[in-house]
Amino acid sequence: MPAVIAESDVSKWSDETGVRYHFPKQFKGALSEGMEVLYYKCRMKEKEFKNLRLSTKPHYFGVGRVVRIYADLDSTTGDLFADIEGFKPFEFAVPTKVDGQYFEPVPPTPKTNYWRSSVRKINQDVFDRVRSHAVLKEQPSLSSVSEDGAQEFETRITGIEGKKIAYYGVRYERNPKLRSRAIDIHGLRCNACNFDFEKAYGEHAKGFIHVHHVKPISEYEEDQVVDPATDMITLCANCHAVVHKKPQQLLSVEQLKGVLSGRWVFDDSTIGK
Ligand SMILES: [Zn+2]
Ligand SMILES: [Zn+2]
């Protein structure tokens, strides 16, 4: 059976939309591994969140699947985390009711308490109907990664380096300084396969490289300093994609070199022949 999970605009927990959901102990039995979930937001209470939501009204905004449930060790009241995979944000908000009919079967009394619940079990039919009203947001594809997009790619998968701020789950500040520092240190050649964009594609691709975070951003402590020398590395787009192929199993550069068989890059000697 699927469930609805409610996300607040303000969160003091280290949850992250589409990645990790924090919930109180009383809903322990309501979420289980493998369960499909609908992300929900209640009516907006503070205006400053307007641009961070799809609607100011109560709405559904994405789907995903629970892959792991575990205790929040920082919680003194037995709260839990659920890791989410396959999160797909909606392009537009799906309202809680269409044609005067709620998707969720709301108990007659007390109505207000029902919507306040963090986790609400629903049946497959409700899930499918909400899903059928949703347009899934286009995810950036690897083939369209631009110089800026290289950083986007990292963002999409692990978050961006930087300071954690205290609203809307976990957000990280974009930091182009760290990116260029990493390139200064690690160079413009791929550190796994030695691919050189300029050599392969000429002037048009000069200076292009992906900057990869060696450890997933979720493992960083709050306000921990990212050291471009040890925490970042430069990789070509192919190697970078392979490192992230399985989100739960990030490969190290050494592991990547181990699985890399066969050179597909140009040998210097073949250039110009
Ligand atoms: Zn490479
Ligand atoms: Zn990466």
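Residues numbered from 1 in each chain as written. Chains lettered and ligands numbered in written order. Predicted model: local features only at pLDDT ≥ 70, side-chain atom pairs only at ≥ 80, totals over all residues. Heavy atoms only, no water.

Colleague: Just checking my understanding: could you explain the overall build of the protein chain for this structure?
Modeller: Counting its secondary structure elements, the protein chain contains 8 helices and 10 strands. A buried classification covers 40% of the 273 residues belonging to the protein chain. Of the contacts made within the protein chain by residues no fewer than 6 positions apart, 66% connect residues no fewer than 24 positions apart. Carbon and sulfur atoms make up 51% of the accessible area of the protein chain, which totals about 15,700 Å². (Helix = DSSP H or I, 4+ residues; strand = E, 2+ residues; numbered from the N terminus. Buried < 20%, exposed > 50% of the residue type's maximum accessible area, 1.4 Å probe, protein only. Contact = heavy atoms within 4.5 Å. Areas by Shrake-Rupley, 256 points an atom, 1.4 Å probe, with all protein chains shown as cover.)

Colleague: For this particular structure, what's the right way to read the coordination of the zinc ion (ligand 1)?
Modeller: A four-donor tetrahedral metal ideally has 109.5 degree angles, and a six-donor octahedral metal ideally has angles of 90 or 180 degrees. Within the first shell, the zinc ion (ligand 1) binds the protein through Cys190 (SG), Cys193 (SG), Cys236 (SG) and Cys239 (SG), at distances of 2.3 to 2.4 Å. Taken together, the 4 donor atoms surrounding the zinc ion (ligand 1) define angles of 105 to 115 degrees at the centre, an arrangement classified as tetrahedral. In terms of primary sequence, the donors binding the zinc ion (ligand 1) are separated according to C-x2-C-x42-C-x2-C. In this pair, the class of cysteine 236 matches that of cysteine 239, namely buried. (Donors = N, O, S within 2.8 Å, 3.2 Å for Na, K, Ca; no water. Tetrahedral: all angles 85-135°; square planar, octahedral: opposite > 155°, others 65-115°.)

Colleague: Any chance you could explain the pattern of salt bridges here in plain terms?
Modeller: Once their charged atoms are close, side chains differing in charge can pair, the charge on each being opposite to the other. Counting across every chain of the model gives 9 salt bridges. Its salt-bridge partner being glutamate 7, residue lysine 41 comes within 3.0 Å of it at the nearest N-O pair. Residue lysine 41 is found in strand β3 (residues 36-41), and its partner glutamate 7 is found in the loop between β1 (3-6) and β2 (20-23); the two are separated by 34 residues along the sequence. For the pair shown, lysine 41 and glutamate 7 are each scored as buried. The partner of lysine 41 in a salt bridge is aspartate 9, with the nearest N and O atoms 3.0 Å apart. Taken as a pair, lysine 41 in strand β3 and aspartate 9 in the loop between β1 and β2 lie far apart in primary sequence, 32 residues in all. When its relative accessible area of 1% is taken as the criterion, lysine 41 is described as buried. What makes aspartate 9 buried here is its relative accessible area of 9%. Within the structure, one salt-bridge network assembled from shared partners comprises Glu7, Asp9, Lys41 and Arg53. (Salt bridge = Lys/Arg side-chain N within 4 Å of Asp/Glu carboxyl O.)

Colleague: I tried to follow the sheet that holds strand β5 (residues 80-95) on my own but got confused; where do I start?
Modeller: What holds strands together in a sheet is hydrogen bonding between their backbones, with the strands either parallel or antiparallel. The 6 strands are arranged β2-β5-β4-β3-β1-β8 in an open sheet whose pairing can be described as mixed. Strand pairing shows two members of the sheet lacking a second neighbour, β2 and β8 (119-121), which therefore form its edges. Taken pair by pair, the neighbouring strands of this sheet meet at an average axis angle of 35 degrees, ignoring direction. Bridge count between strand β4 (residues 59-71) and β5: 10 bridges; the pairing is antiparallel. For valine 66, the partnering residue across the bridge sits in β5 and is isoleucine 84. Where helix α2 (residues 124-132) meets the sheet, it contacts β3, β4 and β5, and its direction lies at approximately 60 degrees from that of β3. (Pairing = 2+ DSSP bridges. Axes fitted to C-alpha atoms, helices over the stretch in contact; angles between N-to-C directions.)

Colleague: I tried to follow the confidence of the model for the protein chain on my own but got confused; where do I start?
Modeller: Predicted coordinates in regions of low pLDDT should not be interpreted in detail. Put simply, the protein chain has an average pLDDT of 79, and 76% of its residues get 70 or more. Long-range and interchain partners of residues 269-273, a stretch whose pLDDT sits below 50, account for 2 contacts in this model, where long-range means more than four residues apart. (pLDDT = per-residue confidence, 0-100.)

Colleague: Any chance you could explain the packing of aromatic side chains here in plain terms?
Modeller: The description of an aromatic ring pair uses the distance of the two centres, along with the angle that the planes make with each other. Under the counting rule described, the total for this entry stands at 13 aromatic pairs. Between tyrosine 21 and phenylalanine 23, the aromatic rings sit 6.1 Å apart at their centres with planes inclined by 15 degrees, giving stacked as the arrangement. Considered together, tyrosine 21 and phenylalanine 23 belong to a single accessibility category, that of buried residues. If you follow arginine 68 out to its NZ or CZ, it ends over the ring of tyrosine 70, 4.1 Å from the centre. Above the face of the tyrosine 40 ring, arginine 120 is positioned so that its terminal group lies 4.3 Å from the ring centre. (Phe/Tyr/Trp six-rings, centres within 6.5 Å; stacked < 30°, edge-to-face > 60°. Lys NZ or Arg CZ within 6 Å of the ring centre and 35° of its normal.)

Colleague: What's the story with the side chain of aspartate 79 in this structure? I'm lost.
Modeller: Looking at the element boundaries, aspartate 79 is found in the loop between β4 and β5. For aspartate 79, the residues in contact, after removing those within four places along its chain, are Trp13, His22, Phe23, Pro24, Lys25, Ala71 and Asp72.

Colleague: Looking at this structure, how should I read the pairing of β5?
Modeller: On a regular strand, one side chain projects to one face of the sheet and the next to the other, so that they alternate. Of the pairings in the sheet, the one linking β2 to β5 comprises 4 bridges and is antiparallel in character. Its bridge partner lying in β5, arginine 20 is registered against aspartate 83.

Colleague: Any chance you could explain the side chain of glutamate 104 here in plain terms?
Modeller: For glutamate 104, the location among the structural elements is in the loop between β7 (101-102) and α1 (111-116). For glutamate 104, the side chain forms a polar contact with the side chain of tyrosine 114, separated by 2.6 Å. Here arginine 120 takes part through its side chain, which lies 2.7 Å from a polar atom of the side chain of glutamate 104. (Polar contact = N/O pair within 3.5 Å; in protein donor to acceptor, adjacent residues only side chain to side chain.)

Colleague: What should I look at first to understand the environment of serine 252 in this one?
Modeller: Secondary-structure assignment places serine 252 in the loop between α7 (237-243) and α8 (253-259). Assessed through its relative accessible area of 32%, serine 252 is described here as partly exposed. Counting along the chain gives 39 residues from serine 252 to histidine 213, while the straight-line C-alpha distance between them is 10.0 Å.

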